[in-house]
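# Structural overview for review
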Amino acid sequence: MKQNFLTQLPWMRRGKKYLVIEIMREYTRCTPYRIHSAENKIVCGTPVMRSYSDARTSTVIDAVSELCRNVNKMGEYEIIVSLDPMFATTIHAPVVLAREDSSIPVDVSDLDNRIGQGIWKVFDRERSRAALKMSVNDLEVLPTDVRIKEVRLDGHKVINPVGFHAQEIGMHVSQTFMPRLFAAELRHIIPGNAVRLMGENAVMEAEAIRRVVAPSSFLFLRVLDRNTITTFTNEHGTVSVGSFPWGKNDVVRTIGEVFSVSGSVAEEILHRYNTNRMSKPVALRFSKVVEMAFAGLFEAMRAAYLTHSVPNIYLSINLAVPDIILSRKFTELINPRLSVTLIDAHHVAQKLGLTIEPLGHRLDLGTFAPLVDFYFSHSDDTMSRIARRHARWLVH
């Protein structure tokens, strides 16, 4: 029998409607979902999307504004905002705080103070790194979302620390930072009281993958049209590594230039190769073109591996990748132990025992992962509500 995650999570109530808003450097997309917890089913509505060729703030904000205006009855949705790494930085960080007198049990006031201290420590420690990543001044970095993912007393995990004795309170904090001006623009468009979760897209995807794969440490590469975004995950959480200037369009362009055909025809040629619908002599010659077209992916994987030498890479790309590209012939050039695995939203859903409707719907991991992250975020629990209150204090 499939384990029903949805009925175990009180904030994912039957009849609730959720809207995932992805704000990326190449596009903005809004995808509606409805949860049917009794059937362990998620119904995906029709996404609406707007692409753009540059990621200037004005261009992106205009796209978000246009799409949100066209969402029917937006006030009925609980909203999850998923942001490109250039617009947001999500940090997972452990914090340990000493108590003065362990003979006194932890009470609500003490817990409130410790959470406030923990939020400030993460903000103060990580603000400069977030600013550098998003190319803004330290003073222009704003905490926009914060969650307490785990609490430990003297190293032991607890659900509610109130009433227990401890010398130390440890917390696993998830905190999202954004550029101040960009966050202010979004507030004028997206109703803040409806936002249940806000975070960095690639980190959300990697966190969703972490829940369904065996390795505790891995690299995740998300291939967009013009860029590849990389994250690193281990037992402490997920961190953004950076981006590589290569994407799906480079594959299509290379094949198109070799055969002097349009992008759509180039994709059809690649599809024929992947489905063994070429003669062996033609396929053999085309394999050389394939290696050339995917050379950028090899470089992106090698660059990622040089930052964190872990033997597992998960790859998400909205394009059929030929087996030869992920074969030992190429991966062992990076490291003989390296394993590269393609992963998508349907694989994640299947591992979690979830059914996606309509059946056969081609669901993108980028739009599904934020919903999965929300499943496990504990966004509505007492400690996260306290944390968000302290984060609002840091904003002013």
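Note: the structure precedes this text.
These numbers come from a predicted model, not from an experiment.

Quick notes on the rules
- Residues numbered from 1 in each chain as written.
- Predicted model: local features only at pLDDT ≥ 70, side-chain atom pairs only at ≥ 80, totals over all residues.
- Heavy atoms only, no water.
- Helix = DSSP H or I, 4+ residues; strand = E, 2+ residues; numbered from the N terminus.
- Rg over C-alpha atoms; globule rule 2.2 N^0.38 Å.
- Buried < 20%, exposed > 50% of the residue type's maximum accessible area, 1.4 Å probe, protein only.
- Contact = heavy atoms within 4.5 Å.
- Areas by Shrake-Rupley, 256 points an atom, 1.4 Å probe, with all protein chains shown as cover.
- Lys, Arg positive; Asp, Glu negative; His and termini not counted.
- Charge placed at Lys NZ, Arg CZ, Asp CG, Glu CD.
- Core = buried A, V, L, I, M, F, W, Y, C linked by side-chain atoms within 4.5 Å.
- Phe/Tyr/Trp six-rings, centres within 6.5 Å; stacked < 30°, edge-to-face > 60°.
- Pairing = 2+ DSSP bridges.
- Right-handed = clockwise from strand over helix to strand, strands pointing away.
- Axes fitted to C-alpha atoms, helices over the stretch in contact; angles between N-to-C directions.

When helices and strands are counted, the protein shows 13 helices and 16 strands. Whereas a compact globule of 396 residues would reach a radius of gyration of roughly 21 Å, the protein reaches 22 Å, a difference of no more than 12%. Across its three principal axes, the protein shows a C-alpha extent of roughly 80 × 50 × 50 Å. Burial statistics for the protein: of 396 residues in total, 55% are counted as buried. Across the protein, contacts joining residues at least 24 apart in sequence account for 70% of those joining residues at least 6 apart. With an accessible surface of roughly 18,100 Å², the protein has 52% of that area assigned to carbon and sulfur atoms. Charge-centre separation for the protein: the mean point of 48 positive side chains lies 4 Å from the mean point of 42 negative side chains.

Let us now look at the side chain of His 172. Residue position: His 172 is located in strand β9 (residues 168-179). Leaving out residues up to four positions away in the same chain, His 172 has contacts with His 92, Ala 93, Pro 94, Arg 147, Ile 148, Lys 149, Glu 150, His 236 and Gly 237.

A few words on the nonpolar core. With 36 residues, the main nonpolar core has Val 251, Ile 255, Leu 270, Phe 286, Phe 294 and Leu 297 as its most contacted residues. When residues of this core are traced back to their parent elements, those giving at least two are β11 (218-223), α6 (248-259), α7 (263-274), α8 (280-293), α9 (295-307), β14 (312-317) and α10 (328-334). Top contributing element to this core by residue count: α9, with 6 residues. Non-local contacts of Val 251, meaning those with residues more than four positions away in its chain, are made with Trp 246, Leu 270, Ala 293, Phe 294 and Leu 319. One finds Tyr 18, Ile 35, Val 348 and Leu 371 within the second-largest nonpolar core, a separate group that totals 32 residues.

Scanning all chains against the criterion turns up 8 aromatic pairs. Measuring from centroid to centroid gives 5.7 Å for Tyr 18 and Phe 374, while their planes differ by 55°, and the two rings are tilted. Of the two residues, Tyr 18 sits in strand β1 (residues 17-23) while Phe 374 sits in helix α12 (residues 365-375), which places them 356 residues apart along the sequence. Aromatic pair Phe 218 and Tyr 314: ring centres 5.3 Å apart, planes at 85°, arrangement edge-to-face. Linking Phe 218 in strand β11 with Tyr 314 in strand β14, this pair joins segments that are 96 residues apart in sequence.

With 6 of 6 residues buried, β14 is to be regarded as a mostly interior element. Alternating residues of β14 divide into Asn 312, Tyr 314 and Ser 316 and Ile 313, Leu 315 and Ile 317, and every residue in both groups is buried. Note: β14 against strand β15 (residues 339-342), 4 bridges, orientation parallel. Note that in β15 the partner of Asn 312 across the bridge is Ser 339. Each parallel crossover has a hand, and for β14 linked through α10 to β15 it is right-handed.

Moving on: the sheet that holds strand β12 (residues 228-234). Sheet strands pair via backbone hydrogen bonds, and the direction of the pair is either parallel or antiparallel. The sheet built from 5 strands is open, its strands ordered β13-β12-β11-β14-β15 with mixed pairing. Every interior strand has two partners, whereas the edge strands, β13 (237-244) and β15, have only one. Put simply, the sheet's adjacent strands are angled 20° from each other on average, direction ignored. Set on the sheet, α9 makes contact with β11, β12, β13, β14 and β15; between it and β11 the angle comes to about 145°.

Turning next to the sheet that holds strand β6 (residues 89-98). The sheet built from 4 strands is open, its strands ordered β6-β9-β7-β8 with antiparallel pairing. This sheet does not close on itself; its edge strands, each paired only once, are β6 and β8 (156-158). When strand polarity is set aside, the average angle formed by the axes of neighbouring strands in this sheet is 40°. In this structure, β6 lies alongside β9, joined through 10 bridges in antiparallel fashion. Paired with Thr 89 across the strands is Phe 177, a residue of β9. Docked against the sheet, helix α4 (residues 180-187) engages β7 (141-153) and β9, running at close to 80° with respect to β9.

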